[in-house]
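Chain by chain, the residues:
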Amino acid sequence: MKLSIILYFFFISLTVTGQFSISGVAENNQLEKLTGATVYLEGTPYATTTDVKGYYLLDSIPPGIYTIAVSYLGYTTIRKILHVKDRNLVESFRMEGSIYGLDQIEIISNRVRSEASFTHTNIPQQQLRIWNTGQDMPYLLRMTPSAVVTSDAGAGIGYTGIRIRGTDASRINVTINGIPVNDAESQGVFWVNMPDISSSTSNIQIQRGVGASTQGPGAFGGTVSINTLQTFVNPYARISSGIGSFNTFRITAEAGTGLIDNKYSIDARYSRIHSDGYIDRAFSELQSMYFSAARVTDKSSTRLIAFTGHEITYQSWFGTPQSKVEGDEEALLNHYVNNKGTLYQTPGDSVNLFSSDRKYNYYQYGNQVDNYRQTHIQLHDFRKLNRHLVLNSSMNYTKGRGFFEELALFQELSRYGLEGEDADVIRRRWLDNDYYGGNLNIHYQKTGSFSLSSGVSAFRYIGDHFGRVVDVPDRATLIDRTNNYYFSQGNKNDLSAFSRGEYEISNRWSVTGDIQWRNVQYSASGNDNDLREHAIEVNYHFFNPKAGILHRFNNEFSAYSSFAIAQKEPNRTDFVDNPAGTNPQPEKLYNLEMGMRKEKGKITGELVLYNMQYTDQLVLTGALNDVGSPLRANVPSSYRRGMELSINTEVLSNLKMGWQSTVSRNKINRFEEVLYNYTDGFEIVTIQHEKTDISFSPRILHTVSAEYRPSDHFQFLLLHQYIGRQYLDNTGNRERSLKAYHVTDLLLEFNPRVKWAKNMSIRGECRNVLNNYYSSNGYSYSYIFGEVITENFLYPQAGRNFMVTLAFGF
């Protein structure tokens, strides 16, 4: 009897100790823990569901080989083969894509696939989130190939910009959810009007060169497609707050309902950012709000999106004279004399006028501010008509209104409709504009063989430019503050249609064809700030074909080539600020790209060779107009040719490194420099230059990045960039150039686990770790007075500075 009992318990213990368990977490790409996901072993009775933290446990499993499956409403089921031989096996799952696969249908019209014959880079939300510590969007894109970023205030907040392959913002087409955000007249993008838009962004695709057809201004250097269309499964609330150098403060509060009844969701965000700026008085006071309401099903989605930004920034667009940055006393004396002794005077300050001062700001008037609000309203509707057809339509309205105030010295009051002798005037120069229109796109997909996307778009812009006098200090002058001393209105109609098809010839070869027609009608009349009359009326028709071919060697390697033609209209400044009797011409680009990609394995990368051949390219002359906008001029023939290399490698399981390099030649075959000679009266002198470098186009750019995770709670990120010499004009004169510079940023993230919050993170960022003094932008002005005199102005960037951010959710 005793022996029987002993044997019974012995066999029971063998059975228990022979059982195994599988546990883990199920989440989606947005790192949301999926509650109620079904986890099961196919062909067995073992099944469970995830709890509120996305955790699951399958226990008492005999050892063996199983197929584990995870399913969740709206996501594609994940299956994985597991060899259960460890007693406590941990296996977590990330559901790729988004609920109902919306990321595949909502952004398809202005994106290319990962395997495409156009040069592109995809930036996921996780990468945006980690570097999002308050700086404007361009600084989150600085780690992409051939990108150079700059900031007027020197700290990455306020007026910031990005150049891709040396091309300025007016050549980079930017869309948010397929809606153009480039200003219709200047064609630039003013990120200061969209503070903290990165906090509402789910992913970004950057296409370099011409890229695939899209809506809005033509792309000559790149296309930036920002997507904010995302659906959160679970309710959430998140707060992020940070403080840093230059009295920088940022707070962002977000909340969302998650999916209600598996169909409805509402998301909202409020952000406020303040910074004193690195440059004296170059403060930024920024506020923004974002709202989204959506109805989604497995066959359709309808979204109403509204976001608004309000910025008040102290002007720093004049730059700092190079002589002031470097403390050149002789050059400073020339500046001081030429500007009637006012250039370097600081009220109440007895500093040496001839001392070096990188933070110097020319503007002294206390309310020399830019004050502008921009509001975007978008309505998107996406429908799966059947398993092959997707229809999406969008409508938008953008309202912008604001002014910048300035103190203008020694003004003729008659220019303002006022009586009296010359006096200082405080004036406001206004913009009041409306932009509205819509897109209609249809996408056909025949699995594995053919796809076709076609679309039409129509947009209209109406913009008023006018000026008003606010005050005449120390002068008892009656002022009508509603009177416009100048007024001009611009009208622009932008119509376009495109069709893009991709055909799989075999499992190795695919070809792409893309055609776009675009009609631009622009007119402007009235007088500008200088009271010169202008009457502009142009009508352009552009036909832009593109073609590409891709070959897959295997599952890892592919090669591609594409050729594209793009044409683009001049902007308002090109017309208004051109010398009398000259008219800017549309520019044309022939873009050839060839590349190789490795997309899988521990080492991935891409090698791209590009040739961008221009006719009548509008190049930056190096000068600015009176509101800080760069002036441009047509050159008959020019080109950009280069190589881009990107390599990403997993050195260790917890260490990843990346390398990006661009080596290029950016040349103007013949450039005609125009100089004003004031030696004996006034005359115009022209100087011919052969084979000169295009302004602001560095020959060499290098970026090195490293990501190290010593544990689940810590993460270190390092970003180092080298930007080669940039010329301020197109003469190739090294005395009119920005020196090459290095800049290194370091970020540490700590993710503690606390009971009262989820996804807590503490981030500390040290920018410009090595405290290098450099300038990332500038301009140059040359004239003749007995000899050629050149005045360079720079935009110095901040030395070593810090930002600490705390973020957590509920």
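Turning our eyes to something else, we now look at the pairing of strand β42 (residues 787–796). Relative to β42, strand β21 (residues 320–321) runs antiparallel, the two sharing two bridges. In the strand pairing of β42, Pro321 is matched with Phe793. Sheet analysis places strand β41 (residues 775–785) next to β42, joined by nine bridges and oriented antiparallel. Bridge pairing in β42 places Ile784 opposite Val788. In this antiparallel pair of consecutive strands, β41 and β42, the connection spans one residue, and Gly786 shows a positive phi of 85°.

To continue, consider empty space enclosed by the protein. If you walk through the whole model with that rule in mind, you get 13 cavities of 30 Å³ or more. Its boundaries defined by the atoms lining it, the largest cavity holds a volume of some 260 Å³. Tyr139, Val149, Val743, Asp745 and Tyr774 are, among the 21 residues lining the largest cavity, the residues nearest its centre. Put simply, the parts of the chain that give the lining of the largest cavity at least two residues each are β10 (147–151), β36 (714–723) and β39 (741–750). For the lining of the largest cavity, the class distribution of residues is ten nonpolar, eight polar and three charged.

Turning to the pairing of strand β18 (residues 264–275), a few remarks are in order. As paired strands, strand β17 (residues 248–256) and β18 are joined by eight bridges and run antiparallel to one another. Across the sheet, residue Ala255 finds its bridge partner in β18, namely Ala268.

Moving on to the nonpolar core. Counting residues in each nonpolar core, the largest one holds 33 residues, and the members touching the most others are Trp131, Met137, Leu141, Val174, Ile204, Val224 and Ile226. Non-local contacts of Val224, meaning those with residues more than four positions away in its chain, are made with Leu141, Ile164, Ile172, Asn173, Val174, Thr175, Ile204, Gln205 and Ile206. Core analysis: the second largest hydrophobic core is formed by 27 residues, Leu41, Tyr75, Ile78 and Met95 among them.

What follows deals with the sheet that holds strand β15 (residues 222–227). Overall, mixed pairing links the five strands, which are arranged β9-β14-β15-β12-β13 in an open sheet. Among the strands making up the open sheet, the edge pair consists of β9 (120–124) and β13 (179–180).

What follows concerns the packing of aromatic side chains. Here the distance between the centres and the angle between the planes together describe a pair of aromatic rings. With the rule as written, the count across this model stands at 33 aromatic pairs. Considering the side-chain rings of Tyr676 and Phe682, the 5.3 Å spacing of their centres and the 45° angle between planes classify their relative orientation as tilted. The rings of Phe318, Tyr362, Tyr363, Tyr779, Phe793 and Tyr795 are connected pair by pair, giving a single aromatic cluster. Positioned above the aromatic ring of Tyr360 is the side chain of Lys324, whose terminal nitrogen or guanidinium carbon lies 5.6 Å from the ring centre. Cation over ring: Arg415 sits above Tyr416, and NZ or CZ is 5.6 Å from the ring centre.

A separate point is the confidence of the model for the protein. Mean pLDDT over the protein works out to 88, with 91% of the residues at or above the 70 mark. pLDDT under 50 marks residues 7–16. Its contacts with residues more than four places away, or in other chains, come to zero contacts. Below pLDDT 50 for its whole length, residues 339–352 participates in 20 contacts with residues either more than four positions away or in separate chains.

Attention now moves to the sheet that holds strand β5 (residues 64–71). Across the sheet, which stays open at both edges, the four strands sit in the order β3-β2-β5-β6 with antiparallel pairing between neighbours. With one partner strand each, in any of the chains shown, β3 (47–49) and β6 (78–84) form the two edges of the open sheet. Averaged over neighbouring strand pairs, the angle between their axes works out to 20° when direction is ignored.

What counts, and at which threshold
Residues numbered from 1 in each chain as written. Predicted model: local features only at pLDDT ≥ 70, side-chain atom pairs only at ≥ 80, totals over all residues. Heavy atoms only, no water. Pairing = 2+ DSSP bridges. Helix = DSSP H or I, 4+ residues; strand = E, 2+ residues; numbered from the N terminus. 1 Å grid on protein atoms, 1.4 Å probe; cavity = no way out; pocket = protein on both sides within 12 Å on 5 of 7 lines; lining within 4 Å. Points joined across faces, edges and corners; volume = space filled by probe spheres on them. Nonpolar A, V, L, I, M, F, W, Y, C, P; charged D, E, K, R; others polar. Core = buried A, V, L, I, M, F, W, Y, C linked by side-chain atoms within 4.5 Å. Buried < 20%, exposed > 50% of the residue type's maximum accessible area, 1.4 Å probe, protein only. Contact = heavy atoms within 4.5 Å. Phe/Tyr/Trp six-rings, centres within 6.5 Å; stacked < 30°, edge-to-face > 60°. Lys NZ or Arg CZ within 6 Å of the ring centre and 35° of its normal. pLDDT = per-residue confidence, 0-100. Axes fitted to C-alpha atoms, helices over the stretch in contact; angles between N-to-C directions.

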